[in-house]
Amino acid sequence: QVQLVESGGGLVQPGGSLRLSCAASGSIFSIDDMAWYHQAPGKQRELVATITRGGSTNYADAVKGRFTISRDNVKNTVYLQMNSLKPEDTAVYYCNARIVRPLRSSFTLNDYWGQGIQVTVSS
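Our subject in this report is the structure included herewith. (Residues numbered from 1 in each chain as written. Predicted model: local features only at pLDDT ≥ 70, side-chain atom pairs only at ≥ 80, totals over all residues. Heavy atoms only, no water.)

1. Observations concerning the environment of Arg 19
- Within the secondary structure, Arg 19 is located in strand β3 (residues 18–26).
- Discounting chain neighbours no more than four positions away, the residues touching Arg 19 are Ser 7, Gly 8, Tyr 79, Leu 80 and Gln 81. (Helix = DSSP H or I, 4+ residues; strand = E, 2+ residues; numbered from the N terminus. Contact = heavy atoms within 4.5 Å.)

Following this line, the structure appears as structure tokens:
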């Protein structure tokens, strides 16, 4: 059993900051890529940022220079630091993790999703 638990969302004013956390727990051997997505009402889920196990990052153009993704491999946690927030950042944010789990003499590799956490940017 693997679970991803998100925290840190809420309501913030334009220009403000927020930090999201997503902690993975369960039977985990290792975690490969981790990512944050968001989905606004009436829109498709979009990739926001990714980070590899070694710390290489990629960002959607809309958040470059404002958001920072990071991870703690000891705590199995990924973070998204969001600065200079805009109303258009309002969405449900989902974390995603590609997780290796032990299975007999081998392992399984699967993507897992958090439940989603609301971020609202409004004055």
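2. Quick look at the pattern of salt bridges
- Under the counting rule described, the total for this entry stands at three salt bridges.
- Across the pair Asp 61 and Lys 64 runs a salt bridge whose closest N-O atoms are separated by 3.1 Å. Assigned by exposure class, Asp 61 and Lys 64 land together as exposed.
- The salt bridge partner of Arg 98 is Asp 111, with a shortest N-O separation of 3.0 Å. With Arg 98 in strand β9 (residues 91–103) and Asp 111 in strand β10 (residues 106–113), this pair connects stretches of sequence that are 13 residues apart.
- Judged by its relative accessible area of 34%, Arg 98 is partly exposed.
- Its relative accessible area of 39% is what places Asp 111 among the partly exposed residues. (Salt bridge = Lys/Arg side-chain N within 4 Å of Asp/Glu carboxyl O. Buried < 20%, exposed > 50% of the residue type's maximum accessible area, 1.4 Å probe, protein only.)

3. What to know about the side chain of Asp 89
- Tracing the backbone shows Asp 89 in the loop between β8 (77–82) and β9.
- Residue Asp 89 is classed as buried on the basis of its relative accessible area of 4%.
- A distance of 2.8 Å separates the side chain of Asp 89 from the side chain of Arg 66, its partner in a polar contact.
- At a separation of 2.8 Å, a polar atom in the side chain of Asp 89 contacts the main-chain amide nitrogen of Lys 86.
- Setting aside anything within four residues of it in sequence, one finds Asp 89 in contact with His 38, Arg 66, Phe 67, Ser 84, Val 119 and Val 121. (Polar contact = N/O pair within 3.5 Å; in protein donor to acceptor, adjacent residues only side chain to side chain.)

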